[in-house]
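If you want the building blocks of each chain, they are given just below.
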Amino acid sequence: MNNGKVWLVGAGPGDAALITVKGLNCIRQAQALVYDRLVNPELLQEAPSDCEMINVGKNPDHHPVPQPEINQLLVDCARRGLNVVRLKGGDPYVFGRGAEEAEALAQAEIPFEVIPGISSSIGGLAYAGIPVTHRDYASGFHVITGHLRQGNQPQDWATLAKLEGTLVILMGMTQLEAICQQLIAGGKPASTPAAVVMHASHQQQQIAAGTLATLVEQVAAQGLTAPALIVVGNVVDLRKRLTFIPQRQPLAVIPARVLS
Ligand code: SAH
């Protein structure tokens, strides 16, 4: 049997309609769909009724499926001749180990394509009224993970503290207190605006905003937890002027098109 093909598709930050047209077309023609915990369930409903739906975000014990097993699953599905969509939150190549999945496919000589998505690190902040750059406040931004592979050197927060651009930290909630403390110790003023955005761009989005000195307390008071973005920089203050109420659009209004 001929090999199938795998599309590594970015689902966008949360609001289902933020997926790309190309990504939605792919889902609508998938024969197997392998998805994560952070993917909006509305997108899953767009798959054909006979599509194999495989959740790798959680097994019955609530442990995520180990990465080598996910890689192998993608290879196996493609070797069964299926068109496989690997749907990942945000952009497939921004953390979340999408690059490792692509490497496994390349290694197994399975044809694949990457369909980029809107990363929560940029689009998620926009939905919280926070522009990641602004000529007057931040001339760059840095997207950082708070969670490194075991055994790797920890992030050098003292060096990151010296950067002028906006810092966006993903997977950082368990370390929030340490991150704020180390950024202050590294020289970032304690008065630097900082926020946590939980469930960015979803209906249940919540924001705690303050400064590096106050953020931990505010997050605790509001009970915010992962999945969340931590953002540090003067752009955070712009949310006072730039907050908006998103108009949500059902996916059904986006016409299906045949994949070329
Ligand atoms: N590829 C994804 C990131 C995967 S890492 C992207 O481009 O967005 C997973 C982390 O991303 C989460 O722990 C959280 O820090 C962040 N994240 C993803 N979606 C989010 C959302 N809707 N709201 C807040 N944080 C989110």
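Keep in mind it's a predicted model, so treat the numbers as computed, not measured.

(A) Structural context of unusual backbone geometry. Here the amide bond leading from A226 into P227 is cis, since omega sits at 0°, within 30 degrees of zero. With respect to the secondary-structure elements, P227 resides in the loop between α8 (215-222) and β10 (228-232). Phi at M171 is positive, roughly 55°, even though this residue is not glycine. Considering the arrangement of structural elements, one finds M171 in the loop between β7 (166-170) and α7 (176-185). Positive phi, close to 70°, is recorded for S201, a residue that is not glycine.

(B) View of the sheet that holds strand β4 (residues 83-88). Strand order in the open sheet formed by 5 strands is β3-β2-β4-β1-β5, with parallel pairing between adjacent strands. The strands lining the two open edges of the sheet, one partner per strand, are β3 (52-55) and β5 (112-115). Each strand of the sheet is rotated relative to its neighbour by a mean of 15°, with strand direction disregarded. In this structure, strand β1 (residues 5-10) lies alongside β5, joined through 4 bridges in parallel fashion. Among the inter-strand pairings, V9 is bridged to a residue of β5, identified as I115. Strand contacts of helix α3 (residues 67-79): β1, β2 (32-35), β3 and β4, with the helix running at about 155° to β4, the strand carrying the most contacts. Set on the sheet, helix α4 (residues 98-107) makes contact with β1, β4 and β5; between it and β1 the angle comes to about 170°.

(C) Here's a closer look at the pattern of salt bridges. This model, assessed by the stated rule, comprises 11 salt bridges. For E113, the salt bridge is made with K22, and the minimal N-O distance between the two is 3.9 Å. Of this pair, E113 sits in strand β5 while K22 is found in helix α1 (residues 21-28), placing the two residues 91 residues apart along the sequence. Classification of K22 as partly exposed rests on a relative accessible area of 47%.

(D) Region of the structure containing the sheet that holds strand β8 (residues 193-198). Within the open sheet, the 5 strands sit side by side as β6-β7-β10-β8-β9. Their pairing is mixed. Looking at strand neighbours, the two that pair on one side only are β6 (141-145) and β9 (206-211), the edges of this open sheet. In this sheet, adjacent strand axes meet at a mean angle of 15° when their direction is disregarded. Where helix α5 (residues 120-127) meets the sheet, its contacts fall on β6, β7, β8 and β10, and the angle it forms with β10 comes to roughly 85°.

Rules used throughout
- Residues numbered from 1 in each chain as written.
- Predicted model: local features only at pLDDT ≥ 70, side-chain atom pairs only at ≥ 80, totals over all residues.
- Heavy atoms only, no water.
- Helix = DSSP H or I, 4+ residues; strand = E, 2+ residues; numbered from the N terminus.
- Pairing = 2+ DSSP bridges.
- Axes fitted to C-alpha atoms, helices over the stretch in contact; angles between N-to-C directions.
- Contact = heavy atoms within 4.5 Å.
- Salt bridge = Lys/Arg side-chain N within 4 Å of Asp/Glu carboxyl O.
- Buried < 20%, exposed > 50% of the residue type's maximum accessible area, 1.4 Å probe, protein only.

By themselves these figures say nothing about function.
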